[in-house]
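What follows is each chain in one-letter form.
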Amino acid sequence: MSRIHELLKQLKELGGSDLHLGAGVPPHLRIHGHIQPMAGAAPLDDATLRPMLLELLPPRRREEFEQQADLDFAFGVDGIARFRANYLVQEGGAAAVFRIVPDRIPALEDLHLPPVVEQLCHLRSGLVVIAGPSGGGKTTTLAAIIDKINSTYQKHIVAVEDPVEFVHTSKRSVISQREVGTDTDSFSAALRGAIRQDAEVIVVGELRDLETIRLAVTAAEMGSLVFGTLSTATASKTIDRIIDTFPPDQQQQARSTLAEALQAVLVQVLLPSAAGPGRVAAAEILLSAQGLSSMIREGKTQMIDSVITTGKKAGMQNLDDSLWELLQANQIHGPDAYLRAKDKRRFEAYANAPQA
């Protein structure tokens, strides 16, 4: 067993989610949301770490990393788990982060998200954005939603990812998973193909550039149900990020198109559980509602919080209300809620509360 495989095995056995490696420091693990050094592990210098990382790569990906100094990929280790990896070069040498991909796609019900999230599985068309910070569970939630569609409907699902993390098998639906760099040259190339491939559901692993966003919104407007992810903190910032991707002279048209296509924004963050090991999801949910289209079209995204507030009966909620409910139910710690909250004053009394 290689040294990397030994470290990944320890990560799995200790219940961690991420392994962090960097030249000049010992291996670190993220366990239940907290990063800590691996007990008894010595620092790794670049001369030791770089060959360890390169031995996992086929020649083509090794050359890509050496040329670009960045690389995303996924792989499985028999008897341990499937992992997503990111390689990079930093001051002092090579570095990498490995994240465990769960062995199975979780059931949507097991994620303990608000019940309205399941409604997203039953939409016929439009754009749904799953947003939140890195490590906030976006990929897991998206995989659970797609699995629910796959198990419920007879549809053609095309997923474009970089890299493929959760591996789906066709159930009632037919699902095609394409990995950027292996099965297709780019998100945009795969999206152009999906529009011509009778895809009723399109999954975009990341809405990362103008062309990808343009094609995703266009596909949603044309009648496909499109899911994509963005690293944004609120529903309003998610909409702003999409619009700001377009050149200034195209933004008004982009607002009009997005106003017609957008069906929902789900913003998700994970916080350490106050009840023991594990993490708890807090969520902000924006759904298509009367008045939302005109706000997007007119660039009045600062008013979106009012749409969420008045849409509570429909299942909408803002992030602070979600944090507050979890805090009052003793599911999360006060300082964690305070750090994630938009309105710090509401949580100020809990900012320095002791953790049991």
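Each remark here, short or long, concerns the structure printed above.
An account of the accompanying structure is given in this report. Keep in mind that what you see is a predicted model, and the values were worked out from it rather than measured.

Observations concerning unusual backbone geometry
(1) Moving on: With an omega dihedral of -5°, the bond running from Asp162 to Pro163 counts as a cis peptide bond.
(2) Moving on: With respect to the helices and strands, Pro163 occurs in the loop between β8 (156-161) and β9 (174-179).
(3) Moving on: Unlike most non-glycine residues, Ala69 shows phi in positive territory, near 65°.
(4) Moving on: Mapping Ala69 onto the fold places it in the loop between α3 (59-68) and β4 (70-77).

Digging into the sheet that holds strand β3 (residues 34-37)
(1) Moving on: Ordered by their spatial adjacency, six strands build an open sheet running β3-β2-β1-β6-β5-β4, and the pairing between neighbours is antiparallel. Whereas interior strands pair on both sides, the edge strands pair on one side only; in this sheet they are β3 and β4. Neighbour-to-neighbour, the strand axes of this sheet turn through a mean angle of 20°, independent of strand direction.
(2) Moving on: Note: strand β5 (residues 81-90) against strand β6 (residues 93-101), nine bridges, orientation antiparallel. The partner of Ala85 across the bridge, within β6, is Phe98.
(3) Moving on: Sheet contacts for α3: β4 and β5; angle to β4, the most-contacted strand, approximately 150°.

Side note on the environment of Asp72
(1) Moving on: By secondary structure assignment, the location of Asp72 is in strand β4.
(2) Moving on: Sequence-wise, Asp72 and Phe98 are 26 residues apart; in three dimensions their C-alpha atoms are separated by 10.0 Å.
(3) Moving on: Excluding anything up to four places from it in sequence, Asp72 contacts Arg61, Arg84, Ala85, Asn86, Asp162 and Pro163.

With respect to the nonpolar core
(1) Moving on: Formed by 69 residues in total, the largest nonpolar core has its most connected members in Leu120, Ile145, Ile146, Ile149, Phe227, Leu258 and Leu286.
(2) Moving on: For Phe227, the residues in contact, after removing those within four places along its chain, are Leu120, Val128, Leu142, Ile145, Ile146, Ile149, Val201, Ile202, Val203 and Val204.
(3) Moving on: In this structure, Leu21, Leu49, Phe65 and Ala81 belong to the second largest nonpolar core, which totals 30 residues.

Structural notes on the packing of helix α6 (residues 210-221) against helix α8 (residues 251-261)
(1) Moving on: For the pair α6 and α8, the least separation of the axes is 9 Å and the interaxial angle reads 50°. In terms of orientation, α6 lies oblique with respect to α8. The interaxial crossing formed by α6 with α8 has left-handed handedness. Seen from α6, the contacting residues are Val217, Ala220 and Glu221; seen from α8, they are Thr257, Leu258 and Ala261.
(2) Moving on: Considered class by class, the residues forming the contact of α6 with α8 number four nonpolar, one polar and one charged.

Details of the packing of aromatic side chains
(1) Moving on: Evaluation of the coordinates by the stated rule reveals eight aromatic pairs.
(2) Moving on: Consider the rings of Tyr87 and Phe98, whose centres lie 6.1 Å apart with planes at 75°: the pair is edge-to-face. Taken together, the residues Tyr87 in strand β5 and Phe98 in strand β6 connect sequence positions eleven residues apart.
(3) Moving on: Judged by its relative accessible area of 0%, Tyr87 is buried.
(4) Moving on: The class for Phe98 is buried, based on a relative accessible area of 0%.
(5) Moving on: An aromatic cluster is present here, built from Phe65, Phe73, Phe75, Phe83, Tyr87 and Phe98 joined pairwise through their rings.
(6) Moving on: In this structure, Lys155 is placed above the aromatic ring of Tyr153, and the distance from its NZ or CZ to the ring centre is 4.8 Å.
(7) Moving on: Positioned above the aromatic ring of Tyr338, the side-chain terminus of Lys344 is 5.2 Å from the ring centre.

Some details on the pattern of salt bridges
(1) Moving on: As enumerated under the stated definition, the model contains 21 salt bridges in all.
(2) Moving on: Glu64 is paired through a salt bridge with Arg61; the nearest N and O atoms lie 3.0 Å apart. One end of the pair is Glu64 and the other is Arg61, both in helix α3 and three residues apart, which spans about a single turn.
(3) Moving on: The exposure class of Arg61 is buried, given its relative accessible area of 9%.
(4) Moving on: Arg192 is paired through a salt bridge with Glu211; the nearest N and O atoms lie 3.2 Å apart. One end of the pair, Arg192, is in helix α5 (residues 187-196); the other, Glu211, is in helix α6, and 19 residues separate them in sequence.
(5) Moving on: Of the residues examined, Arg192 reaches a relative accessible area of 36% and is grouped as partly exposed.
(6) Moving on: A residue is classified by how much of its surface remains accessible, and Glu211, at 28% relative accessible area, is partly exposed.
(7) Moving on: Bridged by salt links that share partners, the residues Asp72, Arg84 and Glu165 form one connected network.

Here we look at the pairing of strand β7 (residues 126-131)
(1) Moving on: Of all six residues that make up β7, six are buried, and the element is covered over most of its length.
(2) Moving on: Every second residue of β7 is oriented toward a common face, with Gly126, Val128 and Ile130 on one face and Leu127, Val129 and Ala131 on the other, all of them buried.
(3) Moving on: Alignment of β7 against strand β11 (residues 225-230), held across six bridges, turns out to be parallel. Paired with Ile130 across the strands is Thr229, a residue of β11.
(4) Moving on: With five bridges connecting them, β7 and strand β12 (residues 262-272) associate as parallel partners. Looking across to β12, one finds that Leu127 is bridged to Leu262.

Conventions we followed
Residues numbered from 1 in each chain as written. Predicted model: local features only at pLDDT ≥ 70, side-chain atom pairs only at ≥ 80, totals over all residues. Heavy atoms only, no water. Helix = DSSP H or I, 4+ residues; strand = E, 2+ residues; numbered from the N terminus. Pairing = 2+ DSSP bridges. Axes fitted to C-alpha atoms, helices over the stretch in contact; angles between N-to-C directions. Contact = heavy atoms within 4.5 Å. Core = buried A, V, L, I, M, F, W, Y, C linked by side-chain atoms within 4.5 Å. Buried < 20%, exposed > 50% of the residue type's maximum accessible area, 1.4 Å probe, protein only. Parallel < 35°, antiparallel > 145°, perpendicular 65-115°, else oblique. Left-handed = near helix turned anticlockwise from the far one by under 90°. Nonpolar A, V, L, I, M, F, W, Y, C, P; charged D, E, K, R; others polar. Phe/Tyr/Trp six-rings, centres within 6.5 Å; stacked < 30°, edge-to-face > 60°. Lys NZ or Arg CZ within 6 Å of the ring centre and 35° of its normal. Salt bridge = Lys/Arg side-chain N within 4 Å of Asp/Glu carboxyl O.

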